[in-house]
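Each chain, written out:
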Protein chains: 2
Amino acid sequence: MDRERLSSRVEDYLEAILQLSETPQGARTGEIARLMDVQPSTVSTALKSLNEQGLVDYTPYDAVTLTPDGRRVAEEIAGRHVALRRFLMEVLGLDPEDAEPVACGMEHDATPLVAERMTLLADFFRQHPGMMAKWLVARQEARGNGLPGVESSLDELPQGVRALVLSIDVEGALRRRLVEMGVTPGVLITVERVAPLGDPIAVEVRGYRLSMRKAEAANIRVRWRPGLA
Amino acid sequence: MDRERLSSRVEDYLEAILQLSETPQGARTGEIARLMDVQPSTVSTALKSLNEQGLVDYTPYDAVTLTPDGRRVAEEIAGRHVALRRFLMEVLGLDPEDAEPVACGMEHDATPLVAERMTLLADFFRQHPGMMAKWLVARQEARGNGLPGVESSLDELPQGVRALVLSIDVEGALRRRLVEMGVTPGVLITVERVAPLGDPIAVEVRGYRLSMRKAEAANIRVRWRPGLA
DNA sequence: TGGTATTGTTTGACGGTTCAAACTTTTTGA
DNA sequence: TCAAAAAGTTTGAACCGTCAAACAATACCA
Ligand SMILES: [Mn+2]
Ligand SMILES: [Mn+2]
Ligand SMILES: [Mn+2]
Ligand SMILES: [Mn+2]
């Protein structure tokens, strides 16, 4: 029962297979190779070994599937992967592209307790937007990005000034809509253009341009440096 | 200049050498082997390779030293190691024995930004004891350890009840003394014995027994479950 | 249905990390 | 001072994860 600790590479193969086994084609050698950035021949070799270890069911030329043992491991690792990534992005404020490889490296060393606590901390900050806002400010100030800075709601942000989203002070459908558009605490936002009558406004966030009502923008707290164009 | 990314094993050797080079004997093969839990012959092999990569200066049978390049890498990794460990212990509440191996594994995947933000978050919680206390409660409640719970100062904690240290509400020498004794936010503490006249009291924390004045204990906020012996 | 394009496998080789065993150098202390 | 003990090294072998090249099976389509 007490199998030898699996190498991080083996854990990654299982994670990839889990992910692909949820697609219609199942987990095929070529796809695994693409996902893991290795040659197909490497995958063939790995699958044979995984099969011998009882972690996958593998018949050459067929899609591979996880055994119950393999699935257990894969789900454990995939769970840690998402916990790590969420923590890195939501709490530490990393970009998705930076968070992804770090999460996939650290997942092999994180214990279940570590992953659990990271998720808990991300939940904690979600439940306490005031604290999250303070933490975001501390982050911003630590970066020289920031200096003093001024706080306001988004509808009061001058055109062209980059601002840090501190919180979204509204619940329900509107909040969900904003979050879907990528407006979340910690991201940088800019008002690009205000319509002639002052409404709607066009904002830029994470490289996307989107438009919203002034009344909606009033629910978003932001922090920015006055003075700079 | 743009040397190939170093393996985590190479980074660990450099970290160990840095640590040992601060001892009077310097970094000797046998000590490196003990620290890294490998055979001396393995270390000899590694040192030869490290020497060829220009990371250490190594003459057989002599203590090895870091080159400027090697020292740069070693200090970078050692810095991440302590940042990770501090974060895992202070923020996530892991025991030192649990935090150590996790930190030494994750240090190889953490980017400088990740380490910096983790340190910043630990600093942030230190500067905001009220938030730290709330986070500690969230942690405790998530564990089923906890359930509702009651808050008081340590001098009001009944004998034999395990309590969570929330904060130390005093500055200066007394605070430092308590921290040195291992009384820090997040640890579990028990009052073992109260002297006949109610002062001093004997407390147990992290497996150590120590005694303190009631007046001192009054500065420590704790949280515990009433009812249980 | 047969031939070609695509996909996958086998094999041999290489670099990296480790060990055990045999060997060498250095240290120690009588 | 020198022999035994301790510390360190060399060597050969193993295992892992990877690749390229040659080969095999399967899928597709005319
Ligand atoms: Mn991974
Ligand atoms: Mn992963
Ligand atoms: Mn390490
Ligand atoms: Mn380390």
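For the structure, see preceding data.
Small disclaimer: the values here were computed from a predicted structure and weren't measured.

**Q** Help me out: how do you make sense of the coordination of the manganese ion (ligand 3) in this one?
**A** Each donor-metal-donor angle in an ideal tetrahedron of four donors is 109.5 degrees, and each such angle in an ideal octahedron of six donors is either 90 or 180 degrees. Residue and element names in this part refer to chain B. Of the protein atoms, only Asp12 (OD), Cys104 (O), Cys104 (SG), Glu107 (OE) and His108 (NE2) coordinate the manganese ion (ligand 3), at distances of 2.0 to 2.7 Å. Along the chain, the residues donating to the manganese ion (ligand 3) are arranged with the sequence spacing D-x91-C-x2-E-H. Separating the manganese ion (ligand 3) and the manganese ion (ligand 4) is a distance of 3.5 Å, and Cys104 donates to both of them. Pair noted here: Asp12 is in helix 1 (residues 8–20) and Glu107 is in the loop between helix 5 (96–106) and helix 6 (112–127), with a separation of 95 residues, a long-range link. A relative accessible area of 13% places Asp12 in the buried class. Glu107 sits in the buried class, given a relative accessible area of 0%.

**Q** Is there a simple way to think about the coordination of the manganese ion (ligand 1) in this case?
**A** Residue and element names in this part refer to chain A. For the manganese ion (ligand 1), the full set of protein donor atoms is Asp12 (OD), Cys104 (O), Cys104 (SG), Glu107 (OE) and His108 (NE2), at a range of 2.0 to 2.7 Å. Read N to C, the donor residues that coordinate the manganese ion (ligand 1) are spaced as D-x91-C-x2-E-H. The metal-metal distance between the manganese ion (ligand 1) and the manganese ion (ligand 2) is 3.5 Å, with Cys104 serving as a donor to both. Taken together, the residues span a long stretch of sequence, with Asp12 in helix 1 (residues 8–20) and His108 in the loop between helix 5 (96–106) and helix 6 (112–127) at a distance of 96 residues. One exposure class covers both Asp12 and His108, and it is buried.

**Q** Any chance you could explain the relation of the copies chain B and chain A here in plain terms?
**A** Two copies of a chain can be linked by a rotation about an axis combined with a shift along that same axis. Overlaying chain B on chain A yields an RMSD of 0.2 Å, the required transformation being a rotation through 179° with an accompanying axial translation of 0.1 Å. Here the two chains are linked by the operation of a two-fold rotation axis. Distance from the rotation axis, computed per C-alpha, reaches its smallest value in chain B at B:Met106: 2.6 Å. Comparing interface residues between copies, 100% of those in chain B also lie at the interface in chain A; the contact surface is shared.

What counts as what
Residues numbered from 1 in each chain as written. Chains lettered and ligands numbered in written order. Predicted model: local features only at pLDDT ≥ 70, side-chain atom pairs only at ≥ 80, totals over all residues. Heavy atoms only, no water. Donors = N, O, S within 2.8 Å, 3.2 Å for Na, K, Ca; no water. Helix = DSSP H or I, 4+ residues; strand = E, 2+ residues; numbered from the N terminus. Buried < 20%, exposed > 50% of the residue type's maximum accessible area, 1.4 Å probe, protein only. Least-squares fit on C-alpha atoms with pLDDT ≥ 70 in both. Contact = heavy atoms within 4.5 Å.

By themselves these figures say nothing about function.
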